[in-house]
Amino acid sequence: MSGWMVVIGLAILGAAAVLGFVRDRKQLWPIVAAAAVLALAGYAWQGQPDQPAAPAQPIPAEARAAEALIAMRADMDPTGGIAKQWLITADSYARSGRYQYSAAFIEAGLRQYPRNGDLWAGLGLVLLLAGDNQMSPPAKMAFAKAREYAPLNRSPDYFEGLVELFEGRPANTLRIWQKLVNEAPDGAVWKPKLESQLASLTAMLQRLPAANVNSAN
């Protein structure tokens, strides 16, 4: 079985767990979103999803999810450059859950480069992670600045789609992510990852009761 299919299989198993144990719709969508993120984490951890599957490493789910989202944000940074000298250290703090230090490090960079959209995107993700995947006003402002100063950086749209899923609007997530895939530039390294998330999310939604899916749209 290919690694890609292993990822999809894990996502479907996550959906089965949701169906079996979650009765409150308010609790359902964060679990579905977490399963979608972990599908991305499994993709990223394996490295080559079309190669034969390798034994999984015992890495905590929360750390794997944070790592996957940080990697996706970095992949969606089309310019790199000056922001990396700040984001490399900030990302190391974020991977260990020290979001306050991560945000402070990025903010130090923004004091020198206040119009750097990639730094704003990094700050938005850190604030999102620190806020338990809630789009707080500071996170929303950071992503708005990222769009203003780095319009080719697609990570604000990606994370907007993720928050829509956490808040129970999967149709919005599918629409936003599919648009990103359709508009991805040639050779975008993040496109296959997002395609795998779309596939796993679609598979999960097909397993959920129609009432749960339709009422959240």
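Since we're looking at a predicted model, the values are computed, not measured.

Basis of the calculations
- In this numbering scheme, every chain counts its residues from 1 along its sequence in written order.
- Since the coordinates come from a predicted model, pLDDT governs what is reported: local features require at least 70, and pairs of side-chain atoms require 80 or more to be given and counted, while whole-chain, interface and lining totals use all residues.
- To get the side-chain values, take all heavy atoms of the structure and skip hydrogens and water.
- In this description, a nonpolar core means a group of buried Ala, Val, Leu, Ile, Met, Phe, Trp, Tyr and Cys residues linked to one another through side-chain atoms lying within 4.5 Å.
- Whether a residue is buried, partly exposed or exposed follows from its accessible area with a 1.4 Å probe, protein chains only, as a fraction of its type maximum: under 20%, in between, or over 50%, in that order.
- Strands are runs of DSSP state E lasting at least two residues, helices are runs of H or I lasting at least four, and both sets are numbered from the N terminus onward.
- Contacts: residue pairs with any heavy atoms within 4.5 Å of one another.
- Lines fitted to C-alpha atoms define the axes here, with helix axes fitted over just the stretch in contact, and angles between the N-to-C directions of these axes take values from 0 to 180 degrees.
- An angle counts as roughly parallel when it lies under 35 degrees, as roughly antiparallel when it exceeds 145, as roughly perpendicular when it falls between 65 and 115, and as oblique in every other case.
- The handedness criterion is simple: a crossing whose near helix is rotated anticlockwise from the far helix by less than a right angle is left-handed, and one whose near helix is rotated clockwise is right-handed.
- By this rule the span expected of a helix is its residue count minus one, scaled by 1.5 Å.
- It is the directions from the helix axis to the C-beta atoms whose arc is reported.
- Salt bridges are defined by distance alone: a side-chain nitrogen of Lys or Arg within 4 Å of a carboxyl oxygen of Asp or Glu.
- In summary, the pairing rule links any two rings of Phe, Tyr or Trp, Trp by its six-membered ring, whose centres are within 6.5 Å, and it sorts them by plane angle into stacked for under 30 degrees, edge-to-face for over 60 and tilted for everything else.

*Asks:* Which residues make up the nonpolar core, and what values do they have?
*Replies:* Of all hydrophobic cores here, the largest spans 44 residues; its most connected members are Ile106, Tyr158, Phe159, Trp177, Trp190 and Leu194. Those elements that place two or more of their residues in this core are α3 (61-75), α4 (84-95), α5 (99-112), α6 (117-130), α7 (137-149), α8 (155-166), α9 (170-183) and α10 (191-207). Once you skip the residues sitting within four places of it in the chain, Trp190 turns out to touch Met72, Asp75, Met76, Arg154, Leu180, Ala184 and Pro185.

*Asks:* Let's hear about the packing of α9 against α10: which residues, and what values?
*Replies:* Here α9 crosses α10 at 155°, and the two axes come no closer than 10 Å. Our classification of the angle between α9 and α10 gives roughly antiparallel. In the packing of α9 onto α10, the handedness of the crossing is left-handed. On the side of α9, the interface is formed by Pro170, Thr173, Leu174, Trp177, Gln178, Leu180 and Val181, while α10 contributes Lys191, Leu194, Glu195, Gln197, Leu198, Leu201, Thr202 and Leu205.

*Asks:* Can you lay out α5 for me, pointing to particular residues and giving the numbers?
*Replies:* The first and last C-alpha atoms of α5 sit 20 Å apart over 14 residues, in line with the 20 Å expected at 1.5 Å per residue. Among the residues of α5, Tyr99, Ser102, Ala103, Ile106, Gly109 and Leu110 are the ones counted as buried. Summarising the axial view, the buried residues of α5 lie within an arc of 120°, below the 170-degree limit, and thus occupy one face. In α5, those exposed residues whose orientation departs by more than 90 degrees from the buried face are Gln100, Tyr101, Arg111 and Gln112.

*Asks:* Give a description of the pattern of salt bridges that names residues and reports values.
*Replies:* Enumeration according to the criterion identifies 10 salt bridges in this entry. Taking the shortest distance from any N to any O, the salt bridge between Arg73 and Asp91 comes out at 2.8 Å. Of the two residues, Arg73 is situated in helix α3 and Asp91 in helix α4; the sequence distance between them amounts to 18 residues. Its relative accessible area of 5% is what places Arg73 among the buried residues. Two residues, Lys193 and Asp75, come together in a salt bridge whose shortest N-O distance is 2.5 Å.

*Asks:* Explain the side chain of Glu164 to me, and be specific about the residues and the numbers.
*Replies:* Within the secondary structure, Glu164 is located in helix α8. Discounting chain neighbours no more than four positions away, the residues touching Glu164 are Arg169, Pro170, Asn172, Thr173 and Ile176.

*Asks:* Please set out the packing of aromatic side chains residue by residue, giving values where relevant.
*Replies:* This structure, assessed with the given rule, holds 5 aromatic pairs. Centre to centre, the rings of Trp86 and Phe105 are 5.6 Å apart; their planes meet at 55°, and the pair counts as tilted. With Trp86 in helix α4 and Phe105 in helix α5, this pair connects stretches of sequence that are 19 residues apart. Where Tyr158 meets Trp177, the ring centres are 5.1 Å apart and the plane angle is 10°; that geometry is what we call stacked. With Tyr158 in helix α8 and Trp177 in helix α9, this residue pair connects regions lying 19 residues apart in the sequence. In this structure Trp177 comes out as buried when scored by relative accessible area, which is 0%. Ring-pair connections join several aromatic residues into one group, and the members of that group are Phe143, Tyr158, Phe159 and Trp177.

*Asks:* Which residues make up the environment of Lys84, and what are the values?
*Replies:* Residue position: Lys84 is located in helix α4. Judged by its relative accessible area of 47%, Lys84 is partly exposed. Along the sequence, Lys84 and Leu119 sit 35 residues apart, while their C-alpha atoms lie 8.4 Å from each other.

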